[in-house]
Amino acid sequence: PTNTSEADMASVRAITGRFDEAIIVGDFEALAELYADDWIRMTEEAPAKIGQAAIREWLRLDAEQFEIDKEKVVRETQISGDWAYSWGDATGTLTARDGSETRPIDSKWISVSRRMEDGSWKVYRDIYNSNVPIQPPQG
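Residues numbered from 1 in each chain as written. Predicted model: local features only at pLDDT ≥ 70, side-chain atom pairs only at ≥ 80, totals over all residues. Heavy atoms only, no water.

1. Re the overall build of the protein chain
- Along its length, the protein chain carries three helices and six strands.
- When the helices and strands of the protein chain are read in sequence order from the N terminus, they spell out α-α-β-β-α-β-β-β-β.
- The C-alpha atoms of the protein chain give a radius of gyration of 16 Å, which matches the 14 Å a tight globule of 139 residues would have.
- Seen along its three principal axes, the alpha-carbon backbone of the protein chain occupies a region of about 55 × 25 × 25 Å. (Helix = DSSP H or I, 4+ residues; strand = E, 2+ residues; numbered from the N terminus. Rg over C-alpha atoms; globule rule 2.2 N^0.38 Å.)

Here it is as structure tokens:
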């Protein structure tokens, strides 16, 4: 369907900005609100995370371990009816809270969003992976 409005496009694209803002300050509730109840996130080197409880746990663990300074850039957004996708890049740093290391963030991502019954847009599925090679264990 071609019933996509500028407001829909702005709403879908705004998810990325709201994600960045919430992750930097560790606002798990604001982050969780961006995702559908039956959301699935697929990351490298780990099993898929499914549902609201999984997103809250994933975010809590990241926030406990790292200070996150990250910016996502949306390269493209397309909407068809009640479905949308966006893809882009993310850059920044993860700094261990104990000061032991700083890791670069240089990744790509794609996110599928769905219009909810109330007209809002939420992330339904997303996946990301790093452009930085995984370092083998030392020793």
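2. Focus on the pairing of strand E4 (residues 83-96)
- As paired elements, strand E3 (residues 66-80) and E4 share 14 bridges and run antiparallel to each other. Along E4, the bridge assignment pairs Asp69 with Thr93.
- As paired strands, E4 and strand E5 (residues 102-115) are joined by 13 bridges and run antiparallel to one another. Residue pairing for E5: Trp87 is matched across the bridge by Ile110. (Pairing = 2+ DSSP bridges.)

3. Things to note about the nonpolar core
- The biggest cluster of nonpolar side chains holds 25 residues, and the ones touching the most others in it are Phe19, Leu31, Tyr35 and Ile55.
- Sorting the residues of this core by element identifies helix H1 (6-25), helix H2 (28-32), strand E1 (35-42), helix H3 (51-65), E3, E4, E5 and strand E6 (121-130) as the ones contributing at least two each.
- Here the element with the most residues in this core is H1; it accounts for five residues.
- Once residues within four sequence positions are removed from consideration, Phe19 is found in contact with Leu31, Leu34, Tyr35, Trp58, Lys70 and Lys72. (Core = buried A, V, L, I, M, F, W, Y, C linked by side-chain atoms within 4.5 Å. Buried < 20%, exposed > 50% of the residue type's maximum accessible area, 1.4 Å probe, protein only. Contact = heavy atoms within 4.5 Å.)

4. Quick notes on the pattern of salt bridges
- This structure, assessed with the given rule, holds nine salt bridges.
- We note a salt bridge from Arg115 to Asp82, for which the minimum N-O separation is 2.7 Å. Here Asp82 lies in the loop between E3 and E4 and Arg115 lies in strand E5, a separation of 33 residues in the sequence.
- Look at the salt bridges and you will find they share partners, linking Asp8, Asp82 and Arg115 into a network. (Salt bridge = Lys/Arg side-chain N within 4 Å of Asp/Glu carboxyl O.)

5. So, the layout of surface pockets
- Its boundaries defined by the atoms lining it, the largest pocket holds a volume of some 990 Å³.
- Around the largest pocket, the lining comprises 33 residues; the ones closest to its centre are Glu44, Leu94, Arg103, Tyr128 and Ser130.
- Elements with a contribution of two residues or more to the lining of the largest pocket: H1, H3, E3, E4, E5 and E6.
- The leading source of residues in the lining of the largest pocket is E5, at six residues. (1 Å grid on protein atoms, 1.4 Å probe; cavity = no way out; pocket = protein on both sides within 12 Å on 5 of 7 lines; lining within 4 Å. Points joined across faces, edges and corners; volume = space filled by probe spheres on them.)

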